[in-house]
Amino acid sequence: MEDNILSFQDLGLSQPTLQALERRGYGYPTTIQQEAIPPLMAWKDVIAKAPTGTGKTFAFGIPMIEHIEPELPEVQGLILAPTRELAIQIGDELRELLTFHKGIRVAVLYGGAGIVGQAKQLERKPQIVVATPGRLMDHYNRKNIRLDKIRTVILDEADRMLDLGFFKDVTRIIERVKNRKNLGLFSATISQEVMTVSWMYQRDEVEITVEPKEEDRPDIQQFSITVTPLEKAETTLRLIRTQDYHRVIIFCNTKHMCQRLCDEFQRAGASCDCIHGDIRQSQREKTMQQYRDGKLEILIATDVASRGIDVEDVDCVINYDVPLENEYYVHRIGRTGRAKKKGVAYSIIGNFPEQAKLDEIAKYSHYQIQPVALADDGTLTPQEVKAPVIKKRFR
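Residues numbered from 1 in each chain as written. Predicted model: local features only at pLDDT ≥ 70, side-chain atom pairs only at ≥ 80, totals over all residues. Heavy atoms only, no water.

## Re the sheet that holds strand β2 (residues 77-80)
Pairing is parallel across the open sheet formed by 7 strands, whose spatial order is β3-β4-β2-β5-β6-β1-β7. Taken across any chain shown, the strands that pair with only one partner, and hence form the sheet edges, are β3 (106-109) and β7 (206-209). Looking at each pair of strands side by side, their axes are set apart by 10° on average, direction ignored. Relative to strand β5 (residues 152-156), β2 is paired through 4 bridges, and the arrangement is parallel. Following the sheet pairing, Ile 79 is matched in β5 by Ile 154. Docked against the sheet, helix α3 (residues 56-67) engages β2, β4 (128-131), β5 and β6 (182-187), running at close to 170° with respect to β5. In this fold helix α5 (residues 115-123) packs onto β3 and β4, with an angle of close to 155° to the strand it touches most, β3. (Pairing = 2+ DSSP bridges. Helix = DSSP H or I, 4+ residues; strand = E, 2+ residues; numbered from the N terminus. Axes fitted to C-alpha atoms, helices over the stretch in contact; angles between N-to-C directions. Contact = heavy atoms within 4.5 Å.)

## Considerations on the nonpolar core
In terms of nonpolar packing, the biggest core is built from 38 residues, with Ile 32 and Phe 186 touching the most fellow members. Breaking this core down by element, the ones donating at least two residues are α1 (15-24), α2 (31-41), β1 (46-49), α3, α4 (84-97), β3 and β4. Sequence-distant contacts of Ile 32, that is, excluding residues within four places in its chain, are made with Ile 37, Ala 48, Ala 50, Thr 54, Gly 55, Lys 56, Ala 59, Phe 186, Ile 208 and Val 210. Ranked by size, the runner-up nonpolar core spans 30 residues in total, among them Cys 252, Phe 265, Ile 279 and Ile 318. (Core = buried A, V, L, I, M, F, W, Y, C linked by side-chain atoms within 4.5 Å. Buried < 20%, exposed > 50% of the residue type's maximum accessible area, 1.4 Å probe, protein only.)

## Examining the sheet that holds strand β8 (residues 219-226)
One open sheet accounts for 8 strands, arranged β10-β11-β9-β12-β13-β8-β14-β15; its pairing is mixed. Strands with a single pairing partner mark the edges of an open sheet, and in this sheet they are β10 (272-275) and β15 (380-382). In this sheet, neighbouring strand axes are inclined to one another by 30° on average, regardless of whether the strands run parallel or antiparallel. Of the strand pairs in this sheet, β8 and strand β14 (residues 369-374) are connected by 4 bridges, and their pairing is parallel. Residue Phe 223 lies in a different strand from β14, and its bridge partner there is Gln 370. Set on the sheet, helix α10 (residues 232-242) makes contact with β8, β9 (248-251), β11 (298-301), β12 (316-319), β13 (342-349), β14 and β15; between it and β14 the angle comes to about 95°. Packing against the sheet, helix α11 (residues 255-267) makes contact with β9, β10 and β11, and its axis sits at approximately 170° to β10.

## Observations regarding α10
Among the 11 residues that make up α10, 8 are buried, leaving the element largely enclosed by the rest of the structure. The complete set of buried residues in α10 reads Lys 232, Ala 233, Thr 235, Thr 236, Leu 237, Arg 238, Leu 239 and Ile 240. Positive phi appears at Asp 244, one or two residues downstream of α10, with a value of about 60°.

## Observations regarding the packing of α1 against α3
At their nearest, the axes of α1 and α3 sit 11 Å apart, and the two run at 150° to each other. As far as their axial angle goes, α3 and α1 are roughly antiparallel. Of α3, the residues touching α1 (which contributes Thr 17, Leu 21 and Arg 24) are Phe 58, Ile 62, Ile 65 and Glu 66. Here the contact of α1 with α3 is built from residues that sort into 4 nonpolar, 1 polar and 2 charged. (Parallel < 35°, antiparallel > 145°, perpendicular 65-115°, else oblique. Nonpolar A, V, L, I, M, F, W, Y, C, P; charged D, E, K, R; others polar.)

## Observations concerning the pairing of β1
Note: β1 against β6, 4 bridges, orientation parallel. The residue bridging Val 46 from the neighbouring strand is Gly 184, located in β6. Here β1 runs beside β7; their pairing, made up of 4 bridges, is parallel. Residue pairing across strands places Ile 47 opposite Glu 207, the latter belonging to β7.

## Looking at the environment of Gln 222
Structurally, Gln 222 can be placed in strand β8. Classification of Gln 222 by relative accessible area gives buried; the value is 6%. As a C-alpha pair, Gln 222 and Pro 29 span 193 residues in sequence and 26 Å in three-dimensional space. In contact with Gln 222, not counting residues within four places along its chain, are Tyr 329, Ile 333, Ala 345, Tyr 367, Gln 368, Ile 369 and Gln 370. A polar contact of 2.7 Å, which involves the side chain of Gln 222, links it to the side chain of Tyr 329. (Polar contact = N/O pair within 3.5 Å; in protein donor to acceptor, adjacent residues only side chain to side chain.)

## Overview of the environment of Ser 14
Structurally, the position occupied by Ser 14 is in the segment before α1. Taking the relative accessible area as the measure of exposure, Ser 14 reaches 24% and is therefore partly exposed. In this structure, the C-alpha to C-alpha distance between Ser 14 and Glu 66, residues 52 residues apart in sequence, is 7.1 Å. With residues up to four places along the chain from it excluded, the contact list for Ser 14 reads Glu 66 and His 101.

What follows is the structure, encoded as structure tokens:
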């Protein structure tokens, strides 16, 4: 199948869905959407491996919405996600798709928030539920939700969810969905646990593999700036101010560094706040909403939140710390350059181990990361990419 040969109209979607997609500016489906929407619409099981940022939420969200019968007050579609941030993001994207639909309600269930408030959501009879596995089981055990009328189950970021130790919860949930018609597994990698779930619960599944392609990969310019460790904070803030960025995400590796950098920037008069594991969920949601609304220019976050951040028009992403895992880099910079727009990402290098790790990430991800120097006036000057030093062995 050639990319972008189909439009959303060609996929036979309802007028309310097409209106919502047009409003968001989506004219053509991505590769994963082209390949996953038709079999899911035909009630087939799907196991899909696709890189992050390629539009997986719409790939399973659109068929689920198309199958919902609004006049029925039961839960008909269930999406499981590994983290509360991702669950919230999926819920927001589904509501965008439902803008012109009538009578279809979405509930989002996750830990760290009041269970009573979520129970009230369930009392409003949502037809779609997005949930983390542990919190869904809490509601099920309290008899707040029934699973017997669910027809479609989707596991998003299935690899990460099963790696986080949710295997038993996930299998218990699937087994309680007695009238399931199809199961979708969406993942960046197909781990042994994902294969096990597929073998146990899928039948005649459609296998989809989307390799990273230039048209699917975000268009992101990537740079590195090398300074001394003591200059990292000042350099980062000078970069933001001299380049006139107004919507920035900065990633740190630890909660301590995240908070420390946020405090330092606030003292310098920057419009910023942070989200990390030590901040209560209600405050994290408030901070995220302020950032989405443009009331905050700089959001500082740890990787625990990186997959749940879905904000249009992020000017740039800055790796204040080089991530510890290659995959984290891909997820971090994927917050910019969305919806076919250009993005930019910077990594601030403070020592040799960070440079070595960034070189490894570039090789792993097949990215070009250009070293630059930042002048006081904001001029960025390309630096020579040095070849690695090969040490000779003593004989």
